[in-house]
Amino acid sequence: MSKINVEGSEISIIAIDNRDYISLTDMVRNVENGVALIEKWLRNKNTIEFLGIWEEMYNANFNSTEFEGIKNEAGFNRFILSVKQWVNKTNSIGIIAKAGRYGGTYAHKDIAFEFASWVSPYFKLYLIKEFERLKEEEQKQLGWDIKRNLAKINYKIHTDAIKNKLVPEKLSKERINYIYASEADILNVALFGMTAKEWRENNPELKGNMRDYADISQLVCLSNLENLNAVFINEGMDATDRIEKLNAIAIEQMRILTESERIKKLK
């Protein structure tokens, strides 16, 4: 669950089948008789038509026969329809009534924006703005997590190659750690042009290590170098030849990656 703040209202967003659903209940929580507004909106004939079109586009199991009956009744004074009735009769997926701690009426973002427009066009614009800001932040975090996880996977491949080929038996833990650090520095020098120690000496005010401050292109390149170094280790290539070859590969890959980024920005 995520939350956004729109003009003083905290609104919950949940994911169902990789789709974003926004709480209509939260949207009208600070409005007098707010919950009643949801059912009033749902009884509107234009709303019914909109919901039916949305369901026919995205819901293969939508009960179109029941929908036609509801649409014909909509607009009459006697017409009453709740969210649960709509879902049960039409097998709708666009709106759900959720029970429990985070209960309330939730609607797919397309429908939630339509409801917001009915309540207040002003509120709708701010809702869209905050929702888009949330999605941008999630995409940034997702991209970072994917690249960090990729780096971790390749790191395991790399360290296994070191363990199997470069670490003799019965060495002290300190000596083993030194070998791993030395191999990590081969990658550091090939890509960043300095060892971890040199980076710390040059950046005493920064916490962590140089990889924490790497950009996306450098992280992608580093993942590739870890895989390649593991291959070179398994082939028995000595450290001098490996670092020379890895440096040449790093130069070429960073040229390609940075050129690609530049082209994207121009587009």
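Because the structure is a prediction, the values reported are computed rather than measured. (Residues numbered from 1 in each chain as written. Predicted model: local features only at pLDDT ≥ 70, side-chain atom pairs only at ≥ 80, totals over all residues. Heavy atoms only, no water.)

Caption draft 1: How the structure looks around unusual backbone geometry. Despite not being glycine, D17 has its phi angle at roughly 50°, a positive value. Looking at where D17 falls in the secondary structure, it is placed in the loop between β2 (9-16) and β3 (19-23). Positive phi, close to 65°, is recorded for N18, a residue that is not glycine. Following the sequence through the fold, N18 ends up in the loop between β2 and β3. The class of N18 is exposed, set by a relative accessible area of 83%. (Helix = DSSP H or I, 4+ residues; strand = E, 2+ residues; numbered from the N terminus. Buried < 20%, exposed > 50% of the residue type's maximum accessible area, 1.4 Å probe, protein only.)

Caption draft 2: Structural view of the pattern of salt bridges. Following the criterion strictly, the structure yields nine salt bridges and no others. For the salt bridge of K71 with E68, the shortest nitrogen-to-oxygen distance reads 3.6 Å. With a gap of three residues between them, K71 and E68 both fall in helix α4 (residues 64-73), about one helical turn apart. A relative accessible area of 34% places E68 in the partly exposed class. Two residues, R255 and E252, come together in a salt bridge whose shortest N-O distance is 2.7 Å. Taken together, the residues span about one helical turn, with R255 and E252 both in helix α11 (residues 239-266) at a distance of three residues. (Salt bridge = Lys/Arg side-chain N within 4 Å of Asp/Glu carboxyl O.)

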